[in-house]
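Each chain, letter by letter, is given below.
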Amino acid sequence: MKLISTTSSSSSSLAALALAYSGYNFSSKIVAKKSKPPQTPSPKGSEPPPPRITSNVKQNLQFLKLWKGIETAIPVLLVDGYNVCGYWAKLKKHFMNGRLDIARQKLIDELVNFSMLREVKVVVVFDAMMSGLPTHKEDFAGVDIVYSGETCADAWIEKEVVALREDGCPKVWVVTSDRCQQHAAYGAGAFVWSSNALVSEIKASQKEVEQMLREHSADRTR
């Protein structure tokens, strides 16, 4: 099942796609900006609420219902970060050798471009305990990065699917190859992609843009 496809060959849309793919590549040396400092620990026996995605989904959906119709809502893609790192060959070599920071940043770079090309809200979740980082949320070029310390990434994503559905978000995708998490996400009302399916979609979107750029270049030389 595909997300929103790339836009048509209008000059403004094509310029945006070209910017996203060729001129707007993000370096792994850039440090992601933290949206908020880590929350203080909660009293024993109570688990703090997980950090939510940055966009105000509920308010945006109310606006869309009034003016545009619910079907125009931007899809939300929840990605189990380390699961994808373990399946994508170019990330797996870093992941398996303990270079988690490199694997994370390379995945984030790919997701930033994908979010712009497919017009989706991307939230990537990493197990904070595995990363050696406290629970917190960062924003990197429009992609939300969540480090879930109190719960594993699976549990955080499952809770977020439920919260988004309660907010009225009609299009939620979960990316993981964990069968248990896939069943839980599907049961909560989300669409499910395997990690390999996401990788295929990222590669397909890149090829589409490359083709559009070639056609645009050929038109200009005529």
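Residues numbered from 1 in each chain as written. Predicted model: local features only at pLDDT ≥ 70, side-chain atom pairs only at ≥ 80, totals over all residues. Heavy atoms only, no water.

The name an unreviewed UniProt entry gives the protein is YacP-like NYN domain protein, with Rehmannia glutinosa as the organism.

### A short note on the packing of helix 4 (residues 89-96) against helix 5 (residues 100-118)
Interhelical geometry of helix 4 versus helix 5 gives an angle of 155° and a closest axis separation of 7 Å. Taken together, the axes of helix 4 and helix 5 are roughly antiparallel relative to one another. For helix 4 against helix 5, the interelement crossing comes out left-handed. In contact with K90, L91, H94 and F95 of helix 4, helix 5 contributes L100, I102, A103, K106, L107 and E110. (Axes fitted to C-alpha atoms, helices over the stretch in contact; angles between N-to-C directions. Helix = DSSP H or I, 4+ residues; strand = E, 2+ residues; numbered from the N terminus. Parallel < 35°, antiparallel > 145°, perpendicular 65-115°, else oblique. Left-handed = near helix turned anticlockwise from the far one by under 90°. Contact = heavy atoms within 4.5 Å.)

### So, the pattern of salt bridges
If you walk through the whole model with that rule in mind, you get four salt bridges. A salt bridge links E208 to R118; the nearest nitrogen and oxygen atoms lie 3.2 Å apart. Taken as a pair, E208 in helix 9 (residues 195-221) and R118 in helix 5 lie far apart in primary sequence, 90 residues in all. Classification of E208 as partly exposed rests on a relative accessible area of 24%. (Salt bridge = Lys/Arg side-chain N within 4 Å of Asp/Glu carboxyl O. Buried < 20%, exposed > 50% of the residue type's maximum accessible area, 1.4 Å probe, protein only.)

### Quick look at the environment of E201
Position of E201 among the secondary structure elements: in helix 9. For E201, a relative accessible area of 11% gives the class buried. Once the C-alpha coordinates of E201 and F114 are considered, the two residues, 87 residues apart in sequence, prove to be 8.6 Å apart.

### Some points on helix 5
The terminal C-alpha atoms of helix 5, which comprises 19 residues, lie 26 Å apart, in line with the 27 Å expected from a rise of 1.5 Å per residue. Burial analysis of helix 5 places 15 of its 19 residues in the buried class, the great majority of the element. Positive backbone phi, approximately 55°, marks E119, located one or two places after helix 5. (Expected span 1.5 Å × (residues − 1).)

### Looking at helix 7 (residues 153-167)
When the terminal C-alpha atoms of helix 7 are compared, their 21 Å separation across 15 residues agrees well with the 21 Å that a helix rising 1.5 Å per residue should span. Buried within helix 7 we find A153, W156, I157, E160, V161, A163, L164 and D167. At the exit of helix 7 stands G168, carrying a positive phi of roughly 100°.

### Remarks on the pairing of strand 2 (residues 76-80)
Burial runs high along strand 2: five of the five residues are buried. Both strand 2 and strand 3 (residues 121-127) contribute to a ladder of five bridges, which runs parallel. Bridged to L78 within strand 3 is V123. Bridge analysis of strand 2 against strand 6 (residues 172-175) gives four bridges, and the strand direction is parallel. If you follow L78 over to strand 6, its bridge partner there is V174. (Pairing = 2+ DSSP bridges.)

### Focus on the side chain of K121
You can see K121 is positioned in strand 3. Note on K121: relative accessible area 13%, which makes it buried. Here G142 takes part through its backbone oxygen, which lies 3.1 Å from a polar atom of the side chain of K121. (Polar contact = N/O pair within 3.5 Å; in protein donor to acceptor, adjacent residues only side chain to side chain.)

### Quick look at the packing of aromatic side chains
As enumerated under the stated definition, the model contains five aromatic pairs in all. Ring geometry for W173 and F191: centres 4.7 Å apart, planes at 35°, overall tilted. Here W173 is found in strand 6, whereas its partner F191 is found in strand 7 (residues 191-193), with 18 residues between them in sequence. Its relative accessible area of 5% is what places W173 among the buried residues. Cluster of aromatic residues (ring-pair linked, three or more members): Y82, F95, F126 and Y147. (Phe/Tyr/Trp six-rings, centres within 6.5 Å; stacked < 30°, edge-to-face > 60°.)

### Some points on the nonpolar core
The biggest cluster of nonpolar side chains holds 30 residues, and the ones touching the most others in it are L77, V79, L107, V124 and L198. Mapped by element, the contributors of at least two residues to this core are strand 2, helix 3 (81-85), helix 4, helix 5, strand 3, strand 5 (143-148), strand 6 and helix 9. Apart from the residues within four sequence positions on either side, L198 is in contact with L77, V79, V84, L111, F114, V175 and W193. Membership of the second largest hydrophobic core comes to 15 residues, among which are L78, V125, W156 and A190. (Core = buried A, V, L, I, M, F, W, Y, C linked by side-chain atoms within 4.5 Å.)

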